[in-house]
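Descriptive structure summary
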Amino acid sequence: MGLKSIFFSEFHHIVGPQITFQEPEGYLSRETFEAVSHFIITKPQLCNRLITTSALGHRIVGHPVSIEDTKYASVRNVLHFNLAFVFDTNTETAPYEPLVRKLAVYFRTLEVESGFIFSPKSKVQIPGVLRGILRDLNSPAGACTITVNRLDAIHLMLFPKLPSPVEVQDHHVPVLIRVLEGFSLADWDLTVQQILPFIDGVRYVKRIARQANVDVVLVKKCMQHLMYYGVVTLLDVFQFSNQYTVTPRIRELLSSPQMQWECVVSVTRCPPCPHQYRRLRGEHDLLHAARHPRPAGAKAAGGGGGGKVS
């Protein structure tokens, strides 16, 4: 569970910054909040921007908001609030930062349009909103839809941060690992569209650049983008002078129907047919038999009468 707690903080004209609502209740102690409160309820110069604070075993990501209006006379004509996420100090918070920013903008809009935060009648809904966000973002789906009223709802989706792609070399061979029929290629970068027909699992990067008439530096950048989104993977160029062998994980191919189908899709140029899988399976069985011959006099599996193998 990456997200440990969510709290709603605001400025009180007597006690100053305070946690008004927190889920789960009491997770962030009063002492911890007071140690970082000047980064939670900030001066106007630091408002409306993302602020991450690490202290006392917690990492807090917030987006302080201030709204000036004469209707906030009881709090010095300025409403200060912050809806912040709390994590352990070693948690990668980058995937959550867009959600914190979106919630700040959303709550600001609710307040400006309907007084959602300043009105005690609607403010009591905030604990339920926090509870729903914490529960749903920590679920396997990593998404939530929280209804605030009959007109407004909060929609959040957690997208994991993908690792940066490796550096692409001239000799690397890109191989498609996604079926492109479901993609709208017309919306893709023009350079990507130009080089896609040359990605066949055989041509290496420098050859693709030459045949597509595209600068090799641009081809490498395109490959990095395609790797980042899981469209291609990179292999070393095939050479007959090299020696290749499978790993023990080849056994997984016989026990996984899904992997068998993906194997057929990967090694055929046209849409795969059932007979292509049977052929691939037969070739695997022949290879296995060649490496592990049966003892003399042994019968074939599933055999009826005996027979000779010549």
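Residues numbered from 1 in each chain as written. Predicted model: local features only at pLDDT ≥ 70, side-chain atom pairs only at ≥ 80, totals over all residues. Heavy atoms only, no water.

**Some details on the packing of aromatic side chains**
Under the defined criterion, the tally for this structure stands at 11 aromatic pairs. Measuring from centroid to centroid gives 6.4 Å for F8 and F107, while their planes differ by 35°, and the two rings are tilted. Taken together, the residues F8 in strand β1 (residues 5–12) and F107 in helix α2 (residues 97–114) connect sequence positions 99 residues apart. Accessibility classification places F8 together with F107 in one group, the buried group. Here Y106 and F107 contribute two aromatic rings whose centre-to-centre distance is 6.4 Å and whose plane-to-plane angle is 70°, an arrangement assigned as edge-to-face. By the burial criterion, Y106 is buried, and F107 matches it. Three or more aromatic residues joined by ring pairs form one cluster here, namely F8, F21, F81, Y106, F107 and F116. (Phe/Tyr/Trp six-rings, centres within 6.5 Å; stacked < 30°, edge-to-face > 60°. Helix = DSSP H or I, 4+ residues; strand = E, 2+ residues; numbered from the N terminus. Buried < 20%, exposed > 50% of the residue type's maximum accessible area, 1.4 Å probe, protein only.)

**Brief notes about the nonpolar core**
Formed by 36 residues in total, the largest nonpolar core has its most connected members in F85, F107, I133 and I154. Elements with a contribution of two residues or more to this core: β1, β5 (65–68), β6 (78–88), α2, α4 (126–137), β7 (143–147) and β8 (153–157). For this core, the element with the highest residue contribution is α2, accounting for 7 residues. Residues within four places of I154 in sequence aside, it is in contact with L103, Y106, F107, V129, C144, T145, I146 and V148. In this structure, I195, I199, A212 and C222 belong to the second largest nonpolar core, which totals 19 residues. (Core = buried A, V, L, I, M, F, W, Y, C linked by side-chain atoms within 4.5 Å. Contact = heavy atoms within 4.5 Å.)

**Details of the confidence of the model for the protein chain**
Per-residue confidence for the protein chain averages 82 on the pLDDT scale, and 84% of its residues sit at or above 70. The lowest-confidence element of the protein chain is helix α10 (residues 274–291), averaging 58 in pLDDT; the highest-confidence one is helix α6 (residues 205–212), averaging 94. With pLDDT under 50 throughout, residues 300–310 is counted as low confidence; its partners more than four residues away or in other chains account for 3 contacts. (pLDDT = per-residue confidence, 0-100.)

**Regarding the side chain of H172**
Of note, H172 is situated in strand β9 (residues 172–176). The exposure class of H172 is buried, given its relative accessible area of 12%. Within the local environment of H172, its side chain forms a polar contact with the backbone nitrogen of Q169, the two atoms lying 3.0 Å apart. Each residue touching H172, except ones within four places of it in the same chain, is listed here: E167, Y204, V205, L234, L235 and D236. (Polar contact = N/O pair within 3.5 Å; in protein donor to acceptor, adjacent residues only side chain to side chain.)

**Some thoughts on the environment of F8**
For F8, a relative accessible area of 0% puts it in the buried group. Considered as a pair, F8 and I40 are 32 residues apart in the sequence and their alpha carbons are 9.9 Å apart. Those residues in contact with F8, other than ones at most four positions away along the chain, are Q18, I19, T20, F21, F81, N82, L83, I117, I126 and L130.

**Comments concerning the environment of F11**
Following the sequence through the fold, F11 ends up in strand β1. When the C-alpha atoms of F11 and I41 are compared, they prove to be 6.8 Å apart, with 30 residues separating the residues in sequence.

**Brief notes about the pairing of strand β4 (residues 58–62)**
β4 sits mainly inside the fold: 4 of its 5 residues count as buried. Alignment of strand β3 (residues 51–55) against β4, held across 5 bridges, turns out to be antiparallel. Its bridge partner being in β4, T53 is matched across the sheet by I60. Here β3 hands over to β4 after 2 residues, with L56 in that stretch at a positive phi of 55°. Pairing between β4 and β6: 4 bridges, direction antiparallel. Of the residues in β6, the one forming a bridge with H58 is D88. (Pairing = 2+ DSSP bridges.)

**Details of the side chain of T91**
Mapped onto the elements of the fold, T91 is located in the loop between β6 and α2. The residues contacting T91, other than those within four sequence positions of it, are G2 and R59.

**Topic: the packing of α6 against helix α7 (residues 216–228)**
Geometry of a packed helix pair, given as the angle between the helix axes and the separation of the axes. Their axes nearest at 9 Å, the elements α6 and α7 cross at an angle of 120°. Put simply, α6 runs oblique to α7. Where α6 crosses over α7, the two elements pack in a sense that is right-handed. Facing α6, whose interface residues are V205, K206, I208 and A209, α7 presents V216, V219, K220 and M223. Partitioning the contact of α6 with α7 into residue classes produces 6 nonpolar, no polar and 2 charged. (Axes fitted to C-alpha atoms, helices over the stretch in contact; angles between N-to-C directions. Parallel < 35°, antiparallel > 145°, perpendicular 65-115°, else oblique. Left-handed = near helix turned anticlockwise from the far one by under 90°. Nonpolar A, V, L, I, M, F, W, Y, C, P; charged D, E, K, R; others polar.)

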